[in-house]
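Notes for the structure review
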Amino acid sequence: MRIDVLALFPEILAPALNTGILKRVQDADKLAVKLHNLREWATDKHKSVDDYPYGGGAGMILKPEPIFAALETLNPETNANVVYLTPQGTPLTQAVVESLSLEKHLILLCGRYKGVDERVRHRLVTTEISIGDYVLSGGEIAALVLIDAIGRVLPGALGDYESAHVDSFSQELLDHPHYTRPATFADLTVPDVLLSGHHENIEKWRYVEALKRTAACRPDLLQRLELSEEDIKILRAAGLME
Ligand code: ADE
């Protein structure tokens, strides 16, 4: 998979791309990320990439010409998915991440200031993604979030490839609690079932804990699921459902 990032401050992404799983997937040639500074495509002597909004008002707008020129270089066949990171985009979920992870070529366009000239959205952008209902100072950090989430689900990214696909959100429930040694720490003990070696009971316990945690922390997620009678019984007994 190839990802080109087009941004005013692409250097923000570099340290994270050179660390941990993201570095590993690139070293293994599963992912190639290239960072590009939009200013390289500025045409005037001041290398300007932004301008005042028609109609007045506060804030600057990213000019169309450098972005169109950049995409002619980065996307000559126009078959990449051009993703614009913006608070107006589709909310990023694990399902969106998994779907984008199947693409061959993504171009991530990072906004700054008040965003891009509307003609960029009309002609060039094919997908708009928001990483949450808050406003960042630019799209670079959002692009990094997206690359990180994609990188870890690419085949071969995790030592245990399965673990990406059974974690929170892939199963539509939040994750169950985890414990490691020691079995007793500061008067706090690990639940007996986890020490029992009884795999079926352990799986059942994990499911119940994930269900209860989801009901307590993210009841909105539960509403999208079809709960069994047994699930409802468990949640009622735990005082998490009427
Ligand atoms: N750019 C600024 N804020 C953003 C957000 N919440 N998601 C994606 N891109 C952004």
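The present account deals with the structure reproduced in this document.

1. Side note on the site of the ligand
Surrounding the ligand, one finds Leu-85, Thr-86, Pro-87, Ile-129, Ser-130, Ile-131, Gly-132, Tyr-134, Val-135, Leu-136, Gly-138 and Ala-142. Contacts to the ligand include Thr-86, whose backbone N or O atom sits 3.2 Å from a nitrogen atom. Here a nitrogen atom of the ligand sits 3.0 Å away from a polar atom, N or O, in the main chain of Leu-136. Secondary structure elements with two or more residues in the shell around the ligand: strand 5 (81-91) and strand 7 (127-130). Tallied by class, the residues present in the shell around the ligand amount to 8 nonpolar, 4 polar and no charged.

2. Structural notes on unusual backbone geometry
Cis geometry is adopted by the peptide bond preceding Pro-182, which originates at Arg-181 and carries an omega value of 10°. Note on placement: Pro-182 falls in the loop between helix 7 (162-165) and strand 8 (184-185). Despite not being glycine, Thr-78 shows a phi value in the positive range, around 50°. Looking at the element boundaries, Thr-78 is found in the loop between helix 3 (64-74) and strand 5. Phi at Ala-186 takes a positive value of approximately 50°, unusual for a residue other than glycine. Within the secondary structure, Ala-186 is located in the loop between strand 8 and strand 9 (188-189).

3. What about helix 11 (residues 229-237)?
Considered for burial, the residues of helix 11 that qualify are Asp-231, Ile-234 and Leu-235. Viewed end-on, helix 11 has its buried residues packed into an arc of 95°, placing them on one side of the element. With respect to the buried face of helix 11, the exposed residues turned more than 90 degrees away are Glu-229, Lys-233, Arg-236 and Ala-237. Where helix 11 is buried, its residues touch helix 9 (199-217) and helix 10 (219-222). Just beyond helix 11, the residue with positive phi is Gly-239, at close to 70°.

About the criteria used
- Residues numbered from 1 in each chain as written.
- Predicted model: local features only at pLDDT ≥ 70, side-chain atom pairs only at ≥ 80, totals over all residues.
- Heavy atoms only, no water.
- Near = heavy atom within 4 Å.
- Polar contact = N/O pair within 3.5 Å; in protein donor to acceptor, adjacent residues only side chain to side chain.
- Helix = DSSP H or I, 4+ residues; strand = E, 2+ residues; numbered from the N terminus.
- Nonpolar A, V, L, I, M, F, W, Y, C, P; charged D, E, K, R; others polar.
- Buried < 20%, exposed > 50% of the residue type's maximum accessible area, 1.4 Å probe, protein only.
- Arc of directions from axis to C-beta.
- Contact = heavy atoms within 4.5 Å.

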